[in-house]
Amino acid sequence: MIEIRSLRKKLGGNQVLAGVDLVVNEGECVVVMGPSGTGKSVLLKHIVGLFDPDEGDVLVDGMSVSRADGRTIRQIRSRISYVFQNSALFDSLTVGGNIRLGLPEDHCKRPDVNCNELVREALEHVNLGPEVLPLLPAELSGGMQKRVALARAVVGRQRYVLYDEPTTGLDPLNASIINELIASLKNEIGSTSVIVTHDVDSAFYLADRIAVLSDGVIQAIGTPEELRTTPDQRIQRFLDPAAYAGAM
Ligand SMILES: Nc1ncnc2c1ncn2[C@@H]1O[C@H](COP(=O)(O)OP(=O)(O)OP(=O)(O)O)[C@@H](O)[C@H]1O
Ligand SMILES: [Mg+2]
């Protein structure tokens, strides 16, 4: 379980998070939506300790991320995989090398584990063939880099997966392949996920609950059905794909 409690964070003089409370239950998929620049990526980064809260805390399986020592933070991070908004692949590593980083340390030394097979399977899941394995990220398109980042995130089958805009920049076919992959991870291994997205259709397809973050706080949270029928017109406008661009 991930528990975000009264989280506050100021960055560059701006109160980005002003008391965020959010619980993500075991096996649940929570989608976080909100206008650009509202702190969605900053929120995800607090879950893995890339930002320290000014106030409040994040607990992963009961362990405080902000008070964790080196050993505990490694333990927390070993349970979580993270798809960064900008893919964040290592430029000097091949696609294969990047995906291997998603496997636990020493995993490939185990005699019962065929790492090459796991890497190839992960690539297949994101609709890429083995011919890209020896390539460097710079040799791939932005959408292909995104899919390699997704393969890296899913290869280790961690319990928690944080996705920051997993389908942004993908064509509709590949976006739907990624949505299916996210759904299948949840169904097959019961992964718990937090997805940040601007894609209203994927949010409604994937989410157990949708949280709307704006002005530093969660303005609304509920099942897709609850939010679809909310009387709050601001939230309704925000979740209407046609009106999305100008909303909130
Ligand atoms: N490392 C940083 N240092 C200073 N300010 C930062 C830092 N990271 C983010 N910010 C600021 O925090 C605010 C929220 O940024 P964040 O990246 O979380 O937005 P977002 O909701 O993810 O937006 P988008 O939908 O465009 O990705 C922005 O004003 C941004 O400039
Ligand atoms: Mg972002």
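Things to note about the coordination of the magnesium ion (ligand 2)
Step number 1: Around the magnesium ion (ligand 2), the protein contributes the donor atoms Ser41 (OG) and Gln85 (OE1), at 2.1 to 2.2 Å from the metal centre. Of the two residues, Ser41 is situated in helix α1 (residues 40-47) and Gln85 in the loop between β6 (80-83) and α3 (95-100); the sequence distance between them amounts to 44 residues.
Step number 2: The buried category is assigned to Ser41, whose relative accessible area is 18%.

Considering the sheet that holds strand β4 (residues 55-60)
Step number 1: A sheet is described by the order of its strands in space; here 4 strands give the open sequence β2-β1-β4-β5, paired in antiparallel fashion. The open sheet is flanked by β2 (14-24) and β5 (63-64), the only strands paired with a single partner.
Step number 2: Of the strand pairs in this sheet, β4 and β5 are connected by 2 bridges, and their pairing is antiparallel. From the neighbouring strand, Val60 faces β5, where its bridge partner is Met63.

Considerations on the site of ligand 1
Step number 1: Among the 15 residues in the neighbourhood of ligand 1, the closest are listed as Ser36, Gly37, Lys40, Ser41 and Gln85.
Step number 2: Here Gly39 contributes a backbone N or O atom positioned 3.0 Å from an oxygen atom of ligand 1.
Step number 3: One of the side-chain nitrogen or oxygen atoms of Ser41 is found 2.9 Å away from an oxygen atom of ligand 1.
Step number 4: Considering ligand 1 on its own, with 640 Å² of exposed area, one finds that the protein chains cover 63% of that surface.
Step number 5: Within the residue set of the shell around ligand 1, elements represented by two or more residues are β2 and α1.

Details of the pairing of strand β7 (residues 160-164)
Step number 1: Along β7, 5 of the 5 residues are buried, which leaves the element largely enclosed by surrounding structure.
Step number 2: In terms of strand pairing, β6 meets β7 through 4 bridges, oriented parallel. Note that in β7 the partner of Tyr82 across the bridge is Leu162.
Step number 3: Relative to strand β8 (residues 192-196), β7 runs parallel, the two sharing 5 bridges. Within β8, the residue paired with Val161 across the bridge is Ser193.
Step number 4: Each parallel crossover has a hand, and for β7 linked through helix α6 (residues 172-189) to β8 it is right-handed.

Criteria and thresholds
Residues numbered from 1 in each chain as written. Chains lettered and ligands numbered in written order. Predicted model: local features only at pLDDT ≥ 70, side-chain atom pairs only at ≥ 80, totals over all residues. Heavy atoms only, no water. Donors = N, O, S within 2.8 Å, 3.2 Å for Na, K, Ca; no water. Helix = DSSP H or I, 4+ residues; strand = E, 2+ residues; numbered from the N terminus. Buried < 20%, exposed > 50% of the residue type's maximum accessible area, 1.4 Å probe, protein only. Pairing = 2+ DSSP bridges. Near = heavy atom within 4 Å. Polar contact = N/O pair within 3.5 Å; in protein donor to acceptor, adjacent residues only side chain to side chain. Areas by Shrake-Rupley, 256 points an atom, 1.4 Å probe, with all protein chains shown as cover. Right-handed = clockwise from strand over helix to strand, strands pointing away.

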